[in-house]
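The chain contents come next:
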Amino acid sequence: MKIWLDGGLQDSESARVSVFDHGLTVGDGIFETVKTVDGRPFALTRHLDRLARSARGLGLPEPDLDEVRRACAAVLEANPMPLGRLRITFTGGHGPLGSDRGEHGPTLVVALGGTPRRPDSTAVITVPWTRNERGALTGLKTTSYAENVVALARAREQGASEALFGNTVGRLCEGTGSNVFVVLDGEIHTPPVASGCLAGITRALAVKWTGATETDLPMDVLQRADEVFLTSTLRDVQAVHRVDERELPGTPGPVTAKAMRIFDEHAAADLDP
Ligand code: PLP
């Protein structure tokens, strides 16, 4: 596997970043996961915009987006794959222990992985931990994912593939790596970005293409919604057939099935929507 590091392609086996890279030691890094179809990235411009926003939010140097584009193209060309995921990681770089930030410029790594086929529907759990809708990192796609790792492990223990968080005022927020939508009386709703969720790219496209409304939702909406679905780069639109103990028979319901169809049609027609 060829990856991009230090301005060029390298073998993933021998590529090395410093053990003092601040992305590793203090989580001072940001990332994007981009779906690729037949060697072409989906919604790359939106991902690069968010990468730049996350860098600004974290106070990292501005990533050179032309280099990131070139890196993505080079990695895709070097590793042909029908369906894949580009992982763009950008950190503060390395410096001596105790330094505030890397002293050797930022680190950019672009790598490619496969995407396991995801089922059309999945089970989710809710977790008691909260997203902070007013935190310094709210809305930034940082590499500080430890809380998500813990929540996802709990989901897996319960036969689910995703864990959903509320925020500090008890509103529904998002999953560890996805946004959440509910259907009430035929209308689609999703929590607003102000709930503390990541401004998911799939979420934005699903809102645009299905006419979903951004609405503050209490956590218990999950116990009465007619349908529930998730969106993310790796899930696209995925129906939910169980929330905690509650089964949702007939999944995907008609509104979710239509949202899945609309999403697939638009996404196939435009790789950089
Ligand atoms: N929320 C979180 C915390 C995420 O990490 C992700 C994706 O990684 C999402 C939502 C979904 O965002 P996107 O649709 O851009 O993949």
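Scroll up to find the structure.
Values in this document were obtained by computation on a predicted structure and should not be read as measured data.

Student: Help me understand the pattern of salt bridges, please; the structure alone is not making it clear to me.
Tutor: Two side chains that carry opposite charge are able to pair once their charged atoms sit near each other. Per the stated rule, a full pass over the model turns up nine salt bridges. Put simply, E214 and R203 hold a salt bridge, and the shortest N to O gap is 2.8 Å. Of this pair, E214 sits in strand β12 (residues 213–214) while R203 sits in helix α5 (residues 201–210); the two residues are 11 residues apart in sequence, bridging distant segments of the chain. Across the salt bridge formed by R242 and E247, the nearest N and O atoms sit 4.0 Å from each other. Judged by its relative accessible area of 19%, R242 is buried.

Student: I'm lost on the pairing of strand β9 (residues 172–175) in this one. Help?
Tutor: Each regular strand shows side chains that alternate between the opposite faces of the sheet. Of the pairings in the sheet, the one linking strand β8 (residues 162–167) to β9 comprises three bridges and is antiparallel in character. By the bridge assignment for β9, L164 is matched with G175. Taking the residues between adjacent antiparallel strands as the criterion, β8 and β9 are bridged by four residues, where G170 takes a positive phi near 80°.

Student: Where do I start with the environment of D216 in this structure?
Tutor: Within the secondary structure layout, D216 lies in the loop between β12 and β13 (227–232). The partly exposed category is assigned to D216, whose relative accessible area is 46%. Sequence separation of D216 and G102 is 114 residues, and the distance between their C-alpha atoms is 40 Å.

Student: Any chance you could explain a nonpolar patch on the surface here in plain terms?
Tutor: On the surface, a cluster of nonpolar side chains totalling about 460 Å² of accessible area is made up of V19, F20, L24 and L97. Position of L24 relative to the elements: it lies in helix α1 (residues 22–25).

Student: Whenever I open this one, the nonpolar core confuses me. Can you help?
Tutor: Side chains of a nonpolar character, in soluble globular proteins, are inclined to be buried together. The biggest cluster of nonpolar side chains holds 22 residues, and the ones touching the most others in it are L86, I88 and V110. Listing elements by their share of this core, those giving two or more residues are β3 (29–37), α2 (44–58), α3 (65–78), β5 (83–91) and β6 (107–114). Considering every element that reaches this core, the biggest residue donor is α3, with six residues. Discounting residues that sit within four places of it in the chain, I88 has contacts with I30, F31, E32, V34, L48, L51, V68, C72, L108, V109 and V110.

Student: Honestly, the site of the ligand in this entry has me stumped. Any pointers?
Tutor: Taken together, 16 residues sit near the ligand, with K141, Y145, E174, T202 and T233 positioned nearest. In this structure, a nitrogen atom belonging to the ligand sits 2.7 Å away from a side-chain N or O atom of E174. Contact distances for the ligand include 2.6 Å between an oxygen atom and a side-chain N or O atom of T233. Within the complex, the protein chains bury 93% of what would otherwise be the 390 Å² of accessible surface of the ligand. Residue assignment for the shell around the ligand shows that the elements contributing at least two residues are β9 and α5. Across the shell around the ligand, the residue classes tally to three nonpolar, nine polar and four charged.

Student: Please clarify how the side chain of R242 should be interpreted in this entry.
Tutor: Take R242: it is sitting in strand β14 (residues 236–243). One polar contact links the side chain of R242 to the main-chain carbonyl oxygen of Q158, over a distance of 3.3 Å. Looking at R242, its side chain comes within polar contact range of the main-chain oxygen of D244, at 3.3 Å. Setting aside chain neighbours within four positions, we find R242 in contact with T122, A123, V124, Q158, G159, E247 and L248.

Student: What exactly am I supposed to notice about the packing of aromatic side chains here?
Tutor: What characterises a pair of aromatic rings is the spacing of the ring centres plus the angle enclosed by the ring planes. The tally for this structure, following the rule as stated, stands at four aromatic pairs. When the ring of F181 is compared with that of F229, the centres are 4.8 Å apart and the planes differ by 10°; the resulting orientation is stacked. Here F229 lies in strand β13 and F181 lies in strand β10 (residues 179–184), a separation of 48 residues in the sequence. Grouping residues by exposure puts F181 and F229 together as buried. Taken together, F42, W209 and F263 form an aromatic cluster joined through their ring pairs.

So, how was this worked out
Residues numbered from 1 in each chain as written. Predicted model: local features only at pLDDT ≥ 70, side-chain atom pairs only at ≥ 80, totals over all residues. Heavy atoms only, no water. Salt bridge = Lys/Arg side-chain N within 4 Å of Asp/Glu carboxyl O. Helix = DSSP H or I, 4+ residues; strand = E, 2+ residues; numbered from the N terminus. Buried < 20%, exposed > 50% of the residue type's maximum accessible area, 1.4 Å probe, protein only. Pairing = 2+ DSSP bridges. Patch = residues over 30% accessible without salt bridge, like charges linked within 9 Å, V, L, I, M, F, W, Y side chains within 5 Å. Areas by Shrake-Rupley, 256 points an atom, 1.4 Å probe, with all protein chains shown as cover. Core = buried A, V, L, I, M, F, W, Y, C linked by side-chain atoms within 4.5 Å. Contact = heavy atoms within 4.5 Å. Near = heavy atom within 4 Å. Polar contact = N/O pair within 3.5 Å; in protein donor to acceptor, adjacent residues only side chain to side chain. Nonpolar A, V, L, I, M, F, W, Y, C, P; charged D, E, K, R; others polar. Phe/Tyr/Trp six-rings, centres within 6.5 Å; stacked < 30°, edge-to-face > 60°.

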